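# Observations on chain architecture
Now for the letters of each chain:
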Amino acid sequence: MASTVVSDSTDQPTASTAPKSFAEKHAERMERLKKLHMQRNEARNSNHQEVIAEDERKKLPANWEARKRQADWLIDDSKAKAEAEAKGLDYNRVKLMKVSAAEAERFDKLRAKKKNADPGFSDYEAQTARQYNRLVKNMEPRDLAKYEEQKEKYGDAFYGGPNVVLQGLHKDTPVAIDKMVKDLEQQIDKRKKFSRRRTHNDDADIDYINEKNARFNKKLERFYGEHTAEIKQNLERGTAI
């Protein structure tokens, strides 16, 4: 039986590809080595530049990036405003056309929060200060002529003092009294809108052992009362199965 020998064409050079000489192989290796050196030098220079840039960023103020973004926004806003004015357009309307509904709602919430920045009750001193600022804001502008007239009329008693009796010196006008009454009525109406502690009903069934259990039972009644009414009646009559 004759054996068949399969020769590998890759081991032997063909007529189209001549074997490379040692000089050519050496030149290719040197070229690859040169490219590797160049890539290493580029990476080294890039890392050095990043280190310098990071060191410069550390020397800048903490809010530098925010200030830079704000400055860039102001520059862009000024350019856009100048372009709109050059075209005869209303810049506010042009700017609003690029605002989405979600952003507009967020801006409205922020504006309303700044307009009525009332954090709620913190202490009685802060509450008194807020009440005083509200009353002062509602006051009419000072009449300087009337101010000078009262100053000449009352003399030293105008500014008050430890030994000054103010009773009977000043008489309130009907307009001022009406304003005070109106303000008090507004305060009473505002207090009525606040949530207050519910009064205890003595005629209600006692199905709790403490206040926490009473609140829990009210929640159960609110959510499941209509579904468990029949079961509760059967338990009370003693006819439950």
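The protein chain has the name Pre-mRNA-splicing factor SYF2 in an unreviewed UniProt entry, where Aedes albopictus is given as its organism. Per UniProt, the comment on the protein chain under Subcellular location (unreviewed entry) is "Nucleus".

A few words now on the overall build of the protein chain. Helix and strand counts for the protein chain come out as eight helices and zero strands. What you see in the protein chain, going N to C, is helices and strands ordered as α-α-α-α-α-α-α-α. A buried classification covers 5% of the 241 residues belonging to the protein chain. Pairs at least 24 residues apart make up 13% of the contacts formed inside the protein chain by residues separated by at least 6 positions. In the form shown here, the protein chain has an accessible surface area of approximately 23,900 Å², with 55% of it arising from carbon and sulfur atoms.

Our focus in this paragraph is a nonpolar patch on the surface. The grouping of I177, M180, V181 and L184 at the surface amounts to a nonpolar patch, some 330 Å² of accessible area in total. Relative to the helices and strands, V181 resides in helix α7 (residues 174–192). Using a relative accessible area of 37% as the deciding quantity, one classes V181 as partly exposed.

A word on the pattern of salt bridges. Scanning the model with the defined rule gives five salt bridges in all. Its salt-bridge partner being D108, residue R111 comes within 2.9 Å of it at the nearest N-O pair. Here the residue R111 and the residue D108 both occupy positions in helix α4 (residues 101–115), the gap between them amounting to three residues, near one helical turn. Judged by its relative accessible area of 52%, R111 is exposed.

With respect to the helices and strands, Q187 occurs in helix α7. Excluding residues that lie within four positions of it along the chain, Q187 makes contacts with Q131 and R134.

What follows concerns the confidence of the model for the protein chain. Put simply, the protein chain has an average pLDDT of 80, and 87% of its residues get 70 or more. Considering each helix and strand of the protein chain separately, the mean pLDDT is smallest for α4, with a value of 79, and largest for helix α1 (residues 22–59), with 88. Per-residue pLDDT stays below 50 along residues 1–11; that stretch engages in zero contacts with residues further than four places along the chain or on separate chains.

Where like charges cluster on the molecular surface, the positive patch consists of K212, R215, K218, K219 and R222. Mapped onto the elements, K218 comes out in helix α8 (residues 211–237).

On the surface, a cluster of negative charge is made up of D205, D207, E221 and E236. Relative to the helices and strands, E236 resides in helix α8.

Parameters at a glance
- Residue positions are given per chain, counted from 1 along the sequence in the order it is written.
- In view of the model being predicted, local features appear only for residues whose pLDDT reaches at least 70, and side-chain atom pairs are presented and counted only at 80 or more, with totals across whole chains, interfaces and linings using the full set of residues.
- Working from all heavy atoms in the structure, the side-chain values ignore hydrogens and water.
- UniProt positions are given in the numbering used here, feature names are shortened, and annotations may be inferred rather than shown by experiment.
- In this description a helix means any DSSP run of H or I spanning at least four residues, a strand means any run of E spanning at least two, and both kinds are numbered starting from the N terminus.
- Only protein chains enter the accessibility calculation, which uses a 1.4 Å probe; a residue whose area is less than 20% of its type maximum is buried, one above 50% is exposed, and one in between is partly exposed.
- In this analysis, two residues are considered to be in contact whenever any of their non-hydrogen atoms come within 4.5 Å of each other.
- Accessible areas in this description were obtained via Shrake-Rupley with a 1.4 Å probe; residue shielding takes into account the shown protein chains only.
- Patch criteria: residues need more than 30% relative accessible area and no salt bridge. Like-charged residues are merged within 9 Å; nonpolar side chains of Val, Leu, Ile, Met, Phe, Trp and Tyr are merged within 5 Å.
- Should a side-chain nitrogen of Lys or Arg be within 4 Å of a carboxyl oxygen of Asp or Glu, the pair is scored as a salt bridge.
- Each residue carries a pLDDT score, the predictor's own confidence in it, on a scale running from 0 to 100.
- His residues and chain termini do not enter the charge count, which takes Lys and Arg as positive and Asp and Glu as negative.
- Working definition for charges: the position is that of NZ of Lys, CZ of Arg, CG of Asp or CD of Glu.

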